[in-house]
Amino acid sequence: MDALLEVREVTKAFDGLVALSGVSLRVRPGQIKALIGPNGAGKTTLFHIIAASLAPTSGDVVFAGRSLVGLPAHRVARLGIARTFQNVQVFPGMTVLEHVLVGLHQQAPASLLSAALRTPALRRAERRLREEAWALVRRLDLEAWAEVPAEVVPFGLLRRVELARALATRPRLLLLDEPGSGLNPAEKQALASELRRARDEGVTVFLVEHDMSMVMELADEVEVLDQGQLIAEGPPAEVQRDPRVVAAYLGEEDGA
Amino acid sequence: MTARLRSPWTAVPCAVAVVAVLDLVEPFGVRLGHLTGGLLTADLAVRAGLFTIVLVGLNLLMGYAGQASLGQAAFYGMGAFASAILTVRAHVLGIPPEVVSAWWWPWVVMAAAACAVAGFAWVVGWVILRLRGHYLAMATLGLGIMVYIVLRENLGMPHLNLTGGFDGIVGVPRLRLGSAALWPVGVYLLVVWAAALACVALGENVVHSPAGRALRAIHGSEAAAESVGVDVGALKARIFALSAGLASVAGSLYAHFQAAVVPDTFGFVPSLELVVMSAVGGMRTVWGAPLGATVVLLLEQLLRTHLLGLVPAVSGELEPVVFGVLLILLMRFRPSGLVQAAPAP
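Residues numbered from 1 in each chain as written. Chains lettered and ligands numbered in written order. Predicted model: local features only at pLDDT ≥ 70, side-chain atom pairs only at ≥ 80, totals over all residues. Heavy atoms only, no water.

Chemist: Please provide a residue-by-residue account of the interface of chain B and chain A, values included.
Modeler: Many authors give the size of an interface as the accessible area that is lost as the parts come together. The interface of chain B with chain A comprises 29 residues on the first partner and 37 residues on the second. Inspection of the region where chain B meets chain A yields 2 salt bridges. Residue Glu-98 of chain A is joined to Arg-216 of chain B by a salt bridge in which the shortest nitrogen-to-oxygen separation is 2.6 Å. The tally of links between chain B and chain A comes to 8 residue pairs in polar contact (both at pLDDT 80 or more). Listing elements by their share of the side of chain B that touches chain A, those giving two or more residues are α8 (185–207), α9 (210–220), α10 (222–227) and α11 (232–258) of chain B. Broken down by element, the side of chain B that touches chain A gets its largest block of residues, 7 residues, from α9 of chain B. (Contact = heavy atoms within 4.5 Å. Salt bridge = Lys/Arg side-chain N within 4 Å of Asp/Glu carboxyl O. Polar contact = N/O pair within 3.5 Å; in protein donor to acceptor, adjacent residues only side chain to side chain. Helix = DSSP H or I, 4+ residues; strand = E, 2+ residues; numbered from the N terminus.)

Chemist: Outline the environment of Leu-190 of chain B, supporting the account with residue identities and numerical values.
Modeler: Residue and element names in this part refer to chain B. Mapped onto the secondary structure, Leu-190 falls in helix α8. For Leu-190, a relative accessible area of 22% gives the class partly exposed. In this structure the C-alpha to C-alpha distance between Leu-190 and Gly-49, which are 141 residues apart in sequence, comes to 9.3 Å. (Buried < 20%, exposed > 50% of the residue type's maximum accessible area, 1.4 Å probe, protein only.)

Chemist: Got a sec to walk through the packing of aromatic side chains? Specific residues and values, please.
Modeler: All names here are of chain B. If you walk through the whole model with that rule in mind, you get 12 aromatic pairs over all chains. With 5.7 Å between their ring centres and 45° between their planes, Tyr-76 and Tyr-254 make a pair best called tilted. Taken as a pair, Tyr-76 in helix α4 (residues 72–88) and Tyr-254 in helix α11 lie far apart in primary sequence, 178 residues in all. Like Tyr-76, the residue Tyr-254 is buried in the burial classification. Their ring planes at 5° and their centres at 5.9 Å tell us that Tyr-188 and Phe-257 sit as a pair that is stacked. Taken together, the residues span a long stretch of sequence, with Tyr-188 in helix α8 and Phe-257 in helix α11 at a distance of 69 residues. These aromatic residues form a ring-pair network of at least three members: Phe-51, Tyr-76, Phe-81, Tyr-254 and Phe-266. (Phe/Tyr/Trp six-rings, centres within 6.5 Å; stacked < 30°, edge-to-face > 60°.)

Chemist: Give me the sheet that holds strand β10 (residues 229–234) of chain A: which residues, what numbers.
Modeler: Residue and element names in this part refer to chain A. The strand order across the open sheet formed by 6 strands is β6-β7-β8-β3-β9-β10, and the pairing between neighbours is mixed. Of all strands in the sheet, those with a lone pairing partner are β6 (81–84) and β10, marking the two edges. Across the sheet, the mean angle separating the axes of adjacent strands is 15° when strand polarity is ignored. Two strands pair when backbone bridges link them, and strand β3 (residues 32–36) and strand β8 (residues 204–208) are joined in this way by 4 bridges, in the parallel orientation. If you follow Leu-35 over to β8, its bridge partner there is Val-208. Here helix α7 (residues 185–200) sits on the sheet in contact with β3, β7 (173–177) and β8, set at roughly 130° to β3. (Pairing = 2+ DSSP bridges. Axes fitted to C-alpha atoms, helices over the stretch in contact; angles between N-to-C directions.)

Chemist: Lay out the confidence of the model for chain B in plain terms, naming residues and giving numbers.
Modeler: Residue and element names in this part refer to chain B. For chain B, the average pLDDT comes to 84, and 83% of its residues sit at 70 or higher. Looking across chain B, the model is least confident in helix α1 (residues 11–25), with a mean pLDDT of 51, and most confident in α4, with 96. Taken together, the stretch residues 1–10 has pLDDT below 50 and engages in 22 contacts with residues farther than four places along the chain or on a different chain. (pLDDT = per-residue confidence, 0-100.)

Chemist: How would you summarise helix α3 (residues 42–64) of chain B if you had to cite specific residues and measurements?
Modeler: Structural remark: α-helix, 3.6 residues per turn; residues separated by three or four positions point the same way. Residues and elements named next belong to chain B. Taking 1.5 Å of rise per residue, 23 residues should cover 33 Å, and α3 covers 31 Å from first to last C-alpha, within 8% of that figure. Its axis deflected by about 30° at Leu-58, α3 carries its strongest bend there. Within α3, 20 of the 23 residues are buried, which leaves it mostly tucked inside the rest of the structure. (Expected span 1.5 Å × (residues − 1). Bend = angle between axes of the 7 residues up to and from the residue.)

Put into structure tokens, the structure is as follows:
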């Protein structure tokens, strides 16, 4: 099957320090793919490059047949790539529901003039957006927090708020940077089933994750990054046995 | 103050209420000035209304989009000078006198000037809103000073003498609606405050629209806003344009009120004063605009009229000092301004 996302020979150097060197990988539509690797391996850098918030030094990123390199980040989002952040990025002072509404931005009327005059068309659109936002809030079990400003919401739930905001954009590809970090086991379970549900609805998921048990359980395929280079890929069980992976990564953690 | 106007029409009852109060009060010979010991004059109330219009835009820009502007008085000045030039010196530009003397001409000029100034700000915004923090503040500061100098130096065309240089332009006509003059000052006061409240309503509507949410999102995290498809640069430029357009309208209304415009009214200090008003009222609320404008103007008036009497053996300008101290206290004890932002639904 054709890849939805293809990373071709991507290299990224910061002031001579090579963070990624010649990374190539493919994410097929409808799969959950995990990117693992020790700290500092370049995982987040690669995600930033895919989401176009960083430009690669060389190489190309192709999404659904078109190159993303050089596009502004909001254009990449509009092409259907949504993301969550390693360090949760919320909007202080805005409620959980408003976060989801911001996620629906692409469907919202953009005109400032109709906004200022609060035209009937705008009010209709706003009602529709709110219905859709509430549906997502309910789907992610955030109803109790919907009207609460983000800064008051517990950390574990903020990851879910980010997910709701990302899903609101109706993405084709979901990039999740350590979505399980800081979550308790029950929250991780809920997250995993949420991601499976998204995949079953046609969203392709590409995630960076440290929790190996979660990766083993959730991912269809795993890519292993070490010191800026991909050293293994394949189904989780195979990758787990790969001696290079064990040496680079699993050896220094619990290996579960 | 958590009240929010959801429709511009809500401004109408407010205006009616003001009319009613003035109508009741005036026949008994009691005027605003008498009630407040000469403090709250019609002149001050008009200026508070004009600044309210500017501040609604400035609050959207600074409080919601998080973009500092130290040059907002420039747009105010551009509106004022556009109205003054195109009513008083229109003949220099070859505009026929019968058009210039028509009652609708100043209104057309006001609208056209607002659009032109907004367009100018939009273009400038594309360049300078890429800057962040102090750099942006410096860029708007520079813009403000540039506009001031261009106005003072006759737009670089001294032979036409369009702006009148240092001396500005006198004899700007009063506004009319059909054959009815919007004067004396009591009538104009109502016009200005009706416009000001309408702008507050417009501002509230923007804040609670999808675009307003996107703005607040930008303030919170640009990366996250971009990640859901918000074109951060374009939205900032559009808000900058909107705020400039509002300032221009206020400037036009000012020109027709003062009947004279001089470049000094629109220099750096007035820009700074606007930022102070915005901070005092509360940047992150639209309702902070009328409050900030009124409180700061009253305070200035109070200091000017009463301070010298209280402190003997002081000559010269003491009120900026007291003003500064009050500001420091405000920033220390109530940094979000007098009106606190209410969490939106």
